[in-house]
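Fold and geometry: a report
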Amino acid sequence: MLIASWNINGIKARIDGLTAWLQERNPDIACLQEIKSQDETFPKKVIEDLGYHVETHGQKGFNGVALLSKEKPESVRRGLPGDESDEQARYIEGLWQTDSGPLRVASIYLPNGNPLGTAKFEYKLAWMDRLERHAEALLAHEERLILAGDYNVIPQPKDVHDPAAWLNDALFQPESRGNLRRLVHLGFADALRMTDDRAELYTFWDYQAGAWQKNNGIRIDHLLLSPEAQIVLRSVGIDKQVRSWEKPSDHVPILAELGG
DNA sequence: ATGGTCGTAAGACGA
């Protein structure tokens, strides 16, 4: 069972790269973020033609998340609970019944939060509080659960090429990192760190100032695994080469192979 | 210290 997450930064600009990657990698479930599309205009058919079910939670112009899966989910939740007034499309969660029992996967696009000192940073922290509360409720099911997505948080200094450049950025604030750590400590594991503790394992390189060429990257896309998922984890990888494809997203896919 | 580049969707805004 191969589970992937990829912030594609606009489905319309990335549809060719996405379909090529789906055919190359053949994930069972792919979580997408920043589709930047409404549900009605998302190019479902070309993805369905590759054998995937498509569930979107979109909005006009910005944000938007999706779940692509070989098997149709039994149920789908759109939106993160805890604030009925929040209209930003940043969360979609599916539940699948497999031969090994239930599998729940969420595609998460956590708020960026810049600039500091504004309502955007407060929204980020409040959104993380809501995610923590919802994650706590999900853990009580004691299922294989993966919270996958663009967390817009750099967990540790070794997850950023140039830490000093990010000291005043919302992605590297103590409050952001502390909230992520509190979420993980409910009982999750950062899948990549179960298998590889090296520095310079990045998932994002800015389009500007030759960041990719200089390997000036950050690790902000994460797969958080419940205990039931941790014990069947086989491998984790970052599809770094995708960043050098034509018209790339500024993020690359991360993947986890689960047994059982 | 500043500006640098993208995507969406048709002018800013978000990142």
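Residues numbered from 1 in each chain as written. Chains lettered and ligands numbered in written order. Predicted model: local features only at pLDDT ≥ 70, side-chain atom pairs only at ≥ 80, totals over all residues. Heavy atoms only, no water.

**A short note on the overall build of chain A**
- The helix and strand tally for chain A stands at six helices and 14 strands.
- Taking 2.2 N^0.38 as the reference for a compact globule, 260 residues should give roughly 18 Å; the C-alpha atoms of chain A span a radius of gyration of 17 Å, in line with that estimate.
- If you line up chain A on its principal axes, its C-alpha atoms span 45 × 40 × 40 Å.
- Counting all 260 residues of chain A, 55% fall into the buried class.
- Taking as baseline every contact in chain A between residues at least 6 positions apart, the subset at least 24 positions apart corresponds to 69%.
- Entry remark: accessible area of chain A is about 11400 Å², with carbon and sulfur atoms responsible for 48%. (Helix = DSSP H or I, 4+ residues; strand = E, 2+ residues; numbered from the N terminus. Rg over C-alpha atoms; globule rule 2.2 N^0.38 Å. Buried < 20%, exposed > 50% of the residue type's maximum accessible area, 1.4 Å probe, protein only. Contact = heavy atoms within 4.5 Å. Areas by Shrake-Rupley, 256 points an atom, 1.4 Å probe, with all protein chains shown as cover.)

**Looking at the nonpolar core**
- Membership of the largest hydrophobic core comes to 23 residues, with the highest contact counts inside it found for Leu18, Trp21, Leu22, Leu32, Phe42, Ile47 and Leu68.
- With five residues, the top contributor of residues to this core is helix H1 (residues 11-25).
- One finds Cys31, Leu67, Ala191 and Leu258 within the second-largest nonpolar core, a separate group that totals 21 residues. (Core = buried A, V, L, I, M, F, W, Y, C linked by side-chain atoms within 4.5 Å.)

**Considering the sheet that holds strand E2 (residues 29-33)**
- Within the open sheet, the six strands sit side by side as E3-E4-E2-E1-E14-E13. Their pairing is mixed. Strands with a single pairing partner mark the edges of an open sheet, and in this sheet they are strand E3 (53-57) and strand E13 (233-238). Between one strand axis and the next, the sheet turns by 15 degrees as a mean value, whatever way the strands run.
- Note: E3 against strand E4 (residues 65-69), five bridges, orientation antiparallel. When the sheet's bridge partners are listed, histidine 57 is paired in E4 with valine 65.
- Seen against the sheet, H1 touches strand E1 (2-7), E2, E4 and strand E14 (254-258) and runs at an angle of roughly 160 degrees to E1. (Pairing = 2+ DSSP bridges. Axes fitted to C-alpha atoms, helices over the stretch in contact; angles between N-to-C directions.)

**Overview of the pairing of E4**
- Burial within E4 is extensive, with five of its five residues counted as buried.
- Summarising the sheet, E2 and E4 pair through five bridges and their orientation is antiparallel. Looking at E4, one finds that alanine 30 is bridged to leucine 68.

**Considering the UniProt feature "site: Important for catalytic activity" (unreviewed entry) in chain A**
- Here the UniProt feature "site: Important for catalytic activity" (unreviewed entry) sits at Asp221.
- Relative to the assigned elements, aspartate 221 resides in strand E12 (residues 221-225).
- Sequence-distant contacts of aspartate 221, that is, excluding residues within four places in its chain, are made with Asn7, Gln33, Gly149, Asp150, Thr203, His251 and Ile254.
- Reaching out from aspartate 221, the side chain makes a polar contact with the side chain of threonine 203 at a distance of 2.6 Å. (UniProt positions renumbered as here; feature names shortened; annotations may be inferred. Polar contact = N/O pair within 3.5 Å; in protein donor to acceptor, adjacent residues only side chain to side chain.)

**Things to note about the packing of aromatic side chains**
- Using the criterion set out here, one finds three aromatic pairs in the structure.
- Aromatic pair tryptophan 205 and tryptophan 212: ring centres 4.7 Å apart, planes at 85 degrees, arrangement edge-to-face.
- Counting every residue linked through ring pairs, the aromatic cluster contains Tyr202, Trp205 and Trp212. (Phe/Tyr/Trp six-rings, centres within 6.5 Å; stacked < 30°, edge-to-face > 60°.)

**Observations concerning the UniProt feature "domain: Endonuclease/exonuclease/phosphatase" (unreviewed entry) in chain A**
- When the UniProt feature table is mapped onto this chain, "domain: Endonuclease/exonuclease/phosphatase" (unreviewed entry) is found at residues 4-251.
- Summarising residues 4-251: 25% helix, 26% strand, and an end-to-end C-alpha distance of 13 Å.

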